[in-house]
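Residues per chain are reported as follows:
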Amino acid sequence: MNSISRRHRPTVAVLISLAVAAGVTACGSGSGGGSDSADSGTYTIWDPYPQFAKGSAWTKLLDKCGTAAGVKVKRTAFDTSDLTNKALLAAQQGNSPDLLIVDNPVVSTLAEAGVLTTTDDNKLDTSKIDPNLLAAGQSGGKTYGTPIGANTLALYYNKKVLKEAGVDVASVKDWPSLTAALEKVKKAGKKGITFSAIGTEEGSFQFLPWFWGAGAKLTQLDSAQGESALSLWKDWVKSGVAPNSVLNNTQTTSWQEFTTGEYAFAENGTWQLAGAKKAGLDYGVLPIPGASGGNAPAPTGGEFVTLPAQDDTGRYPTSQKLATCLTSTQNLYDTDTTLSYVAPTTEVQDKQVAANAELKPWVAAVRTAKGRTSDDLGTKYPKISEQMWKAVQSALSGSKSPKDALTDAQSAVK
C-alpha cells in the first residue's frame, strides 16, 4: 500500500463507534496536531500516554530515537479513545502522523479504514515478536505494526486470607479446585473472589479468560463451552463466593474491594502491581486456570506502534527507523518497565523476570494470552463483545439462564 485509498473506506462515523466500543482503558486527555509537511525534518508521533509529560523517560526516548534517525520528533498525547477518533479523521484529511501508537483492539479498525501501512510495505521487522501477541495487529493475512508491550489478566490472591482458610494456593489448578478454595474461604468467614462483570468492554475483557479457558470461541457465543463459563460465574454469585457488586464493578472498583483485605482472590491486571504494593497486602499472583487445568488464554491489552499511510511515501524509511528504535531490545525493556507491561519478545521477557521475579506469573500469562481481534475477527469483535457483556449481565442478574442469554447473544450477532 503506497498511498491511502479513500474510495473504499467505510464511513468514519461507523469506524469511530467501533473503535470506542473496542477500547478498554483510558488515560488522561491531551491535545493534538497532525503531520508537519512544511518541515520534512520533523516527524510526528501520536501516543496514548498523556501521563508522561515533557522530560519524562518516555519523551526522552522519543527524542533520542529522533536524534538517531536525524530528525526532530513532534509528539502529541491523547486519551486512548480520543486518539483513535483523531487518527480516523486525520486520515480522511490527509494529515496522518508518521507514527501512531494505538490500543491493539483498534488496529484492525484502522487497517480496514485504510489508515495503516502493512509491515510488507513499511519493512518493519516483527520476526522476534511472540506470534500470539503479534496476532492482535493482524487482519486479512496482513500485519499492521508491532506491539510495544502487553498487559493481561491474572488472579491476585491474599496470602493471609488463604492461610486462615486453610487453602494451599498450589492446589488451585482448574475450575473445580478454585471453586473449592472459594467455598473454604467463605466458610472461614472471609470473601471469595471479586471481578468486573459490568456491562461494558471491561466486562467482556474480564470474562474472556473463562470463556476461552472453557475452549469456547467468539464466533459461537452459545456453545456448550461458553455456557459452562457463564454458569461458573453465575454459580459463584448465587452461592455468595463472589459479590453481587460484580455486576457494576469496573476493574478499578473490584480492585478497591480486593485492597480491603477481605477477599481471597481478585481478577485484575499488571497495571495494579504498584497499587498492590502500596496497599500493603501480602499477595501473590496466579495465572487464571483453564476449566480442566493449564493456563487459560487471557486477552491482551497494550499498544501497537504503527505507520499510517502517507501521500509522501519517501517518509516511510525514516518512520521505520523511529519505530525500530522504539521497539529495540533495550528500549522495550526500559519502556515496558515504565508502563508495567510485559515485553512482546521472549528475550526481553526473560530479562524482565531476571530483574524482577514478581513478573514471572505475568510473563506466563502473557505467553498464553490472546488478542481480542485475533482469529481474523477484526471489526466484528466490538459487536460480539457487546452481546457477550449483555449476556453476562442477563445471566448474573438472574433475568435469563446462561444458556438463554448466550443463545440470544449469538442471534443478535448474526
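(A) Looking closely at helix α18 (residues 402–413). With 12 residues, α18 ought to run about 16 Å at 1.5 Å a step, and its terminal C-alpha atoms sit 16 Å apart, in line with that. Listed in full, the buried residues belonging to α18 are Pro402, Ala405, Leu406, Ala409 and Gln410. One side of α18 holds all its buried residues, which, seen down the axis, span an arc of 130°. Its buried side turned inward, α18 meets α10 (224–239) and α17 (381–397).

(B) Representation of empty space enclosed by the protein in the model. This structure, assessed with the given rule, holds 2 cavities of 30 Å³ or more. When its volume is computed, the largest cavity comes out at roughly 50 Å³. In terms of lining, the largest cavity is formed by Asn104, Leu133, Ala136, Pro147, Gly149, Ala150, Thr300, Gly301, Gly302, Glu303 and Phe304. Residue composition of the lining of the largest cavity, by class: 5 nonpolar, 5 polar and 1 charged. Looking at the second largest cavity, its volume works out to about 40 Å³. Lining the second largest cavity are Trp212, Ala216, Lys217, Leu218, Lys370, Gly371, Arg372, Ser374, Asp375 and Leu377. By residue class, the composition of the lining of the second largest cavity is 4 nonpolar, 2 polar and 4 charged.

(C) A look at the pairing of strand β1 (residues 42–47). Burial runs high along β1: 6 of the 6 residues are buried. The side-chain alternation of β1 yields two buried faces, one formed by Thr42, Thr44 and Trp46 and the other by Tyr43, Ile45 and Asp47. For β1 and strand β3 (residues 99–103), the ladder comprises 2 bridges, and the chain directions are parallel. Paired with Ile45 across the bridge in β3 is Leu99.

(D) Seen up close, the side chain of Thr345. Take Thr345: it is sitting in the loop between α14 (329–339) and α15 (346–355). Thr345 gets classed as buried once you look at its relative accessible area, which sits at 7%.

(E) Main features of the packing of aromatic side chains. In this structure the tally under the stated criterion is 16 aromatic pairs. Here the aromatic rings of Tyr156 and Trp362 are separated by 5.5 Å at their centres, their planes lie at 55°, and the arrangement is tilted. Of this pair, Tyr156 sits in strand β7 (residues 153–158) while Trp362 sits in helix α16 (residues 360–367); the two residues are 206 residues apart in sequence, bridging distant segments of the chain. Considered together, Tyr156 and Trp362 belong to a single accessibility category, that of buried residues. For the pair Phe195 and Trp233, a centre-to-centre distance of 4.1 Å together with 25° between the ring planes defines the contact as stacked. In this pair, Phe195 is assigned in the loop between β8 (191–194) and α9 (201–213) and Trp233 in helix α10, connecting sequence segments 38 residues apart. Judged by its relative accessible area of 0%, Phe195 falls in the buried class. In this structure Trp233 comes out as buried when scored by relative accessible area, which is 0%. Here the aromatic cluster, defined as three or more aromatic residues joined through ring pairs, consists of Trp175, Phe195, Phe207, Trp210, Phe211, Trp233 and Trp236. The aromatic ring of Tyr43 is capped on one face by Arg315, whose charged end is 4.1 Å from the ring centroid.

(F) Here's a closer look at the nonpolar core. Residues Trp210, Leu218, Trp236, Phe265 and Leu396 are the most contacted members of the largest nonpolar core, which totals 54 residues. Within the residue set of this core, elements represented by two or more residues are β7, α7 (159–165), α8 (175–187), α9, α10, β9 (263–269), α17 and α18. The greatest single-element share of this core, amounting to 7 residues, is contributed by α17. Trp210 has contacts with Leu155, Trp175, Leu178, Ala229, Leu232, Trp233, Trp236, Glu267, Ile288 and Pro289, leaving out every residue within four places of it along the chain. Listed in part, the 27 residues of the second largest apolar core include Tyr43, Ala69, Leu124 and Val305.

(G) The confidence of the model for the chain, seen in detail. Here the chain shows a mean pLDDT of 89. Residues at 70 or above account for 90%. Here residues 1–39 is a poorly scored stretch, pLDDT under 50, and it has 94 contacts once near neighbours within four places are set aside; other chains count.

(H) Region of the structure containing the pattern of salt bridges. All told, the structure shown has 12 salt bridges when counted by the stated rule. One salt bridge in this structure joins Asp47 and Arg75, with 2.7 Å as the shortest N-O distance. Remark: Arg75 occurs in strand β2 (residues 72–77) and Asp47 occurs in strand β1; sequence separation between them is 28 residues. By relative accessible area, which is 0% here, Asp47 ends up buried. Accessibility expressed as a relative area gives 23% for Arg75, which makes it partly exposed. The partner of Asp375 in a salt bridge is Lys370, with the nearest N and O atoms 3.0 Å apart. Looking at Asp375, the relative accessible area reads 54%, which means it is exposed. The exposure class of Lys370 is partly exposed, given its relative accessible area of 24%.

Conventions we followed
- Residues numbered from 1 in each chain as written.
- Predicted model: local features only at pLDDT ≥ 70, side-chain atom pairs only at ≥ 80, totals over all residues.
- Heavy atoms only, no water.
- Helix = DSSP H or I, 4+ residues; strand = E, 2+ residues; numbered from the N terminus.
- Expected span 1.5 Å × (residues − 1).
- Buried < 20%, exposed > 50% of the residue type's maximum accessible area, 1.4 Å probe, protein only.
- Arc of directions from axis to C-beta.
- Contact = heavy atoms within 4.5 Å.
- 1 Å grid on protein atoms, 1.4 Å probe; cavity = no way out; pocket = protein on both sides within 12 Å on 5 of 7 lines; lining within 4 Å.
- Points joined across faces, edges and corners; volume = space filled by probe spheres on them.
- Nonpolar A, V, L, I, M, F, W, Y, C, P; charged D, E, K, R; others polar.
- Pairing = 2+ DSSP bridges.
- Phe/Tyr/Trp six-rings, centres within 6.5 Å; stacked < 30°, edge-to-face > 60°.
- Lys NZ or Arg CZ within 6 Å of the ring centre and 35° of its normal.
- Core = buried A, V, L, I, M, F, W, Y, C linked by side-chain atoms within 4.5 Å.
- pLDDT = per-residue confidence, 0-100.
- Salt bridge = Lys/Arg side-chain N within 4 Å of Asp/Glu carboxyl O.

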